[in-house]
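Observations on chain architecture
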Amino acid sequence: MIEHTVCFTLVHPEGSDAERAFLTGAREVLSAVPGVQGFTVSRQVSPKSAFRFRFAMRFADEAAYRAYDEHPDHVAFVAQRWATEVRDFQEFDFTDW
């Protein structure tokens with residue numbers, strides 16, 4: 001099992017329609033890609049982090065994760081939305097230890 005997590009900050013003002021549209025659109029597009037399990041969107045509440053949001057999802061194995069990464073819907077979302085609406089991000093991919 002691989003847990004893919006991305007923490008990020010958007011260019012949009014907090015609470016704006018654009019912020020909501022990005023988060024809602026991401027949930028619709030990314031959670032529908034085959035192999036994605038347990039997709040979640042979370043808001044950061046700690047002042048210790050500059051990142052405001054997190055996407056997290058799980059994949060059964062490396063092959064499922066690679067298929068997601070190469071899927072046309074994921075590639076299009078990254079090119080059309082992520083690249084223009086995300087100010088900063090950090091990606092984390094975890095497996096059980």
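Remember, predicted model here, so these are calculated numbers, not experimental data. (Residues numbered from 1 in each chain as written. Predicted model: local features only at pLDDT ≥ 70, side-chain atom pairs only at ≥ 80, totals over all residues. Heavy atoms only, no water.)

What about the sheet that holds strand 1 (residues 2-10)?
Across the sheet, which stays open at both edges, the 4 strands sit in the order 2-3-1-4 with antiparallel pairing between neighbours. Two strands bound the open sheet, and with one partner strand each, they are strand 2 (37-43) and strand 4 (86-95). Within this sheet the neighbouring strands show an average axis-to-axis angle of 15°, counted without direction. Pairing between strand 1 and strand 3 (residues 53-59): 7 bridges, direction antiparallel. Within strand 3, the position partnered with E3 by the bridge is R58. Sitting on the sheet, helix 3 (residues 72-85) is in contact with strand 1, strand 3 and strand 4, with an inclination near 115° to strand 4. (Pairing = 2+ DSSP bridges. Helix = DSSP H or I, 4+ residues; strand = E, 2+ residues; numbered from the N terminus. Axes fitted to C-alpha atoms, helices over the stretch in contact; angles between N-to-C directions. Contact = heavy atoms within 4.5 Å.)

Observations regarding the packing of aromatic side chains
Applying the stated criterion across every chain, the model contains 13 aromatic pairs. Taken together, a centroid distance of 6.3 Å and an interplanar angle of 10° make the contact between F22 and F55 stacked. Here F22 is found in helix 1 (residues 17-31), whereas its partner F55 is found in strand 3, with 33 residues between them in sequence. Of the two residues, F22 and F55, neither departs from the other in class, the shared state being buried. When the centroid spacing of 6.2 Å and the interplanar angle of 10° are considered together, the rings of F92 and F94 count as stacked. A relative accessible area of 33% means that F92 is categorised as partly exposed. The class for F94 is partly exposed, based on a relative accessible area of 46%. Members of the aromatic cluster, each reached through a chain of ring pairs, are F8, F22, F39, F53, F55, F77, W82 and F89. (Phe/Tyr/Trp six-rings, centres within 6.5 Å; stacked < 30°, edge-to-face > 60°. Buried < 20%, exposed > 50% of the residue type's maximum accessible area, 1.4 Å probe, protein only.)

Any link to function would need more than the numbers given here.
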